[in-house]
Amino acid sequence: MVGEYARGLELSATLPVLTSEDLRWTGVCLFQQGQVVAASRQLEQAVLSGCAGAHIDLAALWRSRGQHEQALAQLLRVQPESLSPLNRALWCRERGIVGYELGEGKVAVLRWLDEAWMHACGAPEAVQSSAAHAYGLYAARFGEDQLAVGYLEFAASLAHPVRRAYIELARAASAAHLGNVQEAQAILERVDCGDTVHPALGGLLAYHQGQVHRIAGEMNAAGEAFTRAIRLSREALRPNTEFHATLGVLALATATQDRAAGRAALARARSLARTPRDQAFLNLREGSWQTSQGDPAATPRLHQALLFFQDREHGREAVWTGLHLAEAQWRFGEPGAAQSTVQGVADTLASRTAPLDLRAEMHLTPTVFTYLQQLAEDAYERQQLVPTVPTSLPHVNLLTLGTAEVQVEGRGVRFRLARTVEVLAYLRSKGGASLAEVQQDLFPDVPPAQSKSYFHQVRLDVKTHVPGLSVPYDEKTRLYGLRLQDVRFTWDVESLREALGDSDAFMMTVVARPGLEFLRDADSGWAAEERERLRRWVTQVGLETMDGWFRTGEYEKCIRLAERLLPLDPLDDALHEFLVRATLEVRGRLAALRVYQSSLETFEREVHDVPPSLRSLGEQLGPHVLH
């Protein structure tokens, strides 16, 4: 339940005889590792051995393969009233998710998920996180993005790394739908830069990246992301993700009038649609495609999709479909019906408690957009629909922790000079510097004329490769500094500092980084000093954070953070002690002894000495410790 699936399989292999519960959890670990056939066999054996809870996991397995009727049949073989609170929570959670896929409405689905949440309250934290994640995810899918935020944040605070990555994807989707594209991009970057490995994660991450690119109007990047999502989800046997990514490709083909790509995507999407909900989404995108191709069959198809989304209270999708239906009605000679449909869309938006970003759909409904632009500024329909088409600035991201790179909209920039990133980080940290300061701090051993030339080449390198970013000279202050024009600029060091006041945000930020060593390949005196200062600062904040968690019994969080910080500061005895103590609380004495032995070997190998406090802790653990 804590996401250590490989470790679970290792432990299973050491057991001489597997009980029905052992068979179940072995099957779960196999499933989460992508071994679907072996997982199915283990779970079936668990059921035959009398493990009722294994039906829940078999249902999840069937659902992941797009077999939702079979998933529901598995759940109905169990009387939920007879289950433990833990299994009752998991059963209700799965029942709500399967119901959603089979086309059940908002009230029914959220009722099941609310019941799951109620039963999870007395269960382990992993189950609480799972229930909160499901409620937040599906509340968002019904358009309740603001309601979802609290559940997703709670779920993330308790989640193991694998689940946390999926929660982050749900948060990114909600942010994008609300029009916060920059926030969505930042979240997706954290997931992409993280080291979480799970069979289905890559495809889903790529799909959400495609969606955000499409909202931002970055069609080429969206196409690449959707294509990657299709390949990865196919490899991971996740047909639902492949289906929606294929619909993304179809939407792009509609926008670009790529007939061949559109027909291929449509044929594949039809073969993947398995539920009434799938069919509704297919009708939406196929209807939009037919409109672009001049096929009047688009109108009844879109009307059918609209009825489905309205009946199931999918307000967001109803708005999208209404726009496309109005476009079709105008194209095929029904202007009165089109205006009435636009009025209905405006009413739906006015009834929402949260905004909705319509840029991606407005790209595909030019007649509707032109009509709205021609209305009076105080017209109801224009006020409701046109303000939901915000603009976004390109994102420039300076990365210096674990890697040294500048990214523009998620793509790495290939600078001509090796030290351009270091110079940018220096100027950002200083807020501006004179040429003499740059030469002294970054190029002390280089002849002045040569270092001056190099610095000015860096300025040209930046201006050439990063639109909106430059290094001008200020005549008043006589300093060089960074200038940002029409871009959103972030620096991973500043993001880490901003997370300081929130322990969970600090944890998530640290875990999401590929590394924490500042400009590890830079050898200037300034870089070395910053590297050491940042190491001490992060370690100290981490120790203070773990101290609070340890006092409140949040030992798993202590373990995760200590494991993440030790590569940064492998000889900090306090980090080693936290890891040993927290492991003892959660995983028992033998696991704590193994961690202690590893710490002991690190100190003896690196400094030929062991801190007295750490050695004393080892003695408290009891005998059988190798000194």
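Small disclaimer: the values here were computed from a predicted structure and weren't measured.

Colleague: Explain the packing of aromatic side chains to me, using residue names and the numbers behind them.
Modeller: A full pass over the atoms with the stated rule returns 16 aromatic pairs. Centroid distance Tyr100 to Tyr138: 4.9 Å. Interplanar angle 65°. Geometry classified as edge-to-face. Of the two residues, Tyr100 is situated in helix H6 (residues 85-101) and Tyr138 in helix H8 (residues 125-141); the sequence distance between them amounts to 38 residues. The pair Tyr100 / Tyr138 is uniform in exposure class, with both members buried. On the basis of an interplanar angle of 85° and a centroid distance of 5.2 Å, the ring pair of Tyr426 and Trp526 is categorised as edge-to-face. In this pair, Tyr426 is assigned in helix H23 (residues 420-430) and Trp526 in helix H28 (residues 525-551), connecting sequence segments 100 residues apart. A residue is classified by how much of its surface remains accessible, and Trp526, at 5% relative accessible area, is buried. The structure contains a cluster of three or more aromatic residues connected by ring pairs, namely Tyr100, Tyr138 and Phe142.

Colleague: An account of the nonpolar core is needed here, citing residue identities and associated values.
Modeller: Ranked by internal contacts, the top residues of the largest apolar core, which has 63 residues, are Val406, Phe518 and Met546. Broken down by element, this core gets its largest block of residues, seven residues, from H28. Other than its neighbours up to four places away in sequence, Val406 contacts Val396, Asn397, Leu398, Arg411, Gly412, Val413, Phe415, Val421, Leu424 and Val466. In this structure, Ala265, Phe281, Leu284 and Val319 belong to the second largest nonpolar core, which totals 50 residues.

Colleague: With reference to specific residues and values, describe the pairing of strand S1 (residues 395-399).
Modeller: Consecutive residues of a regular strand have side chains that alternate between opposite faces of the sheet. Of all five residues making up S1, five are buried, and the element is well covered by its neighbours. Along S1, one buried face is formed by His395, Asn397 and Leu399 and the opposite face, lined by Val396 and Leu398, is buried too. For S1 and strand S8 (residues 488-491), the ladder comprises four bridges, and the chain directions are parallel. When the sheet's bridge partners are listed, His395 is paired in S8 with Arg488. Inspection of the sheet shows S1 paired to strand S2 (residues 405-408) by four bridges, in the antiparallel sense. The residue of S2 that forms the bridge with Leu398 is Val406. Hairpin connection from S1 to S2: five residues lie between these consecutive antiparallel strands, with Gly402 at a positive phi of about 80°.

What counts, and at which threshold
Residues numbered from 1 in each chain as written. Predicted model: local features only at pLDDT ≥ 70, side-chain atom pairs only at ≥ 80, totals over all residues. Heavy atoms only, no water. Phe/Tyr/Trp six-rings, centres within 6.5 Å; stacked < 30°, edge-to-face > 60°. Helix = DSSP H or I, 4+ residues; strand = E, 2+ residues; numbered from the N terminus. Buried < 20%, exposed > 50% of the residue type's maximum accessible area, 1.4 Å probe, protein only. Core = buried A, V, L, I, M, F, W, Y, C linked by side-chain atoms within 4.5 Å. Contact = heavy atoms within 4.5 Å. Pairing = 2+ DSSP bridges.

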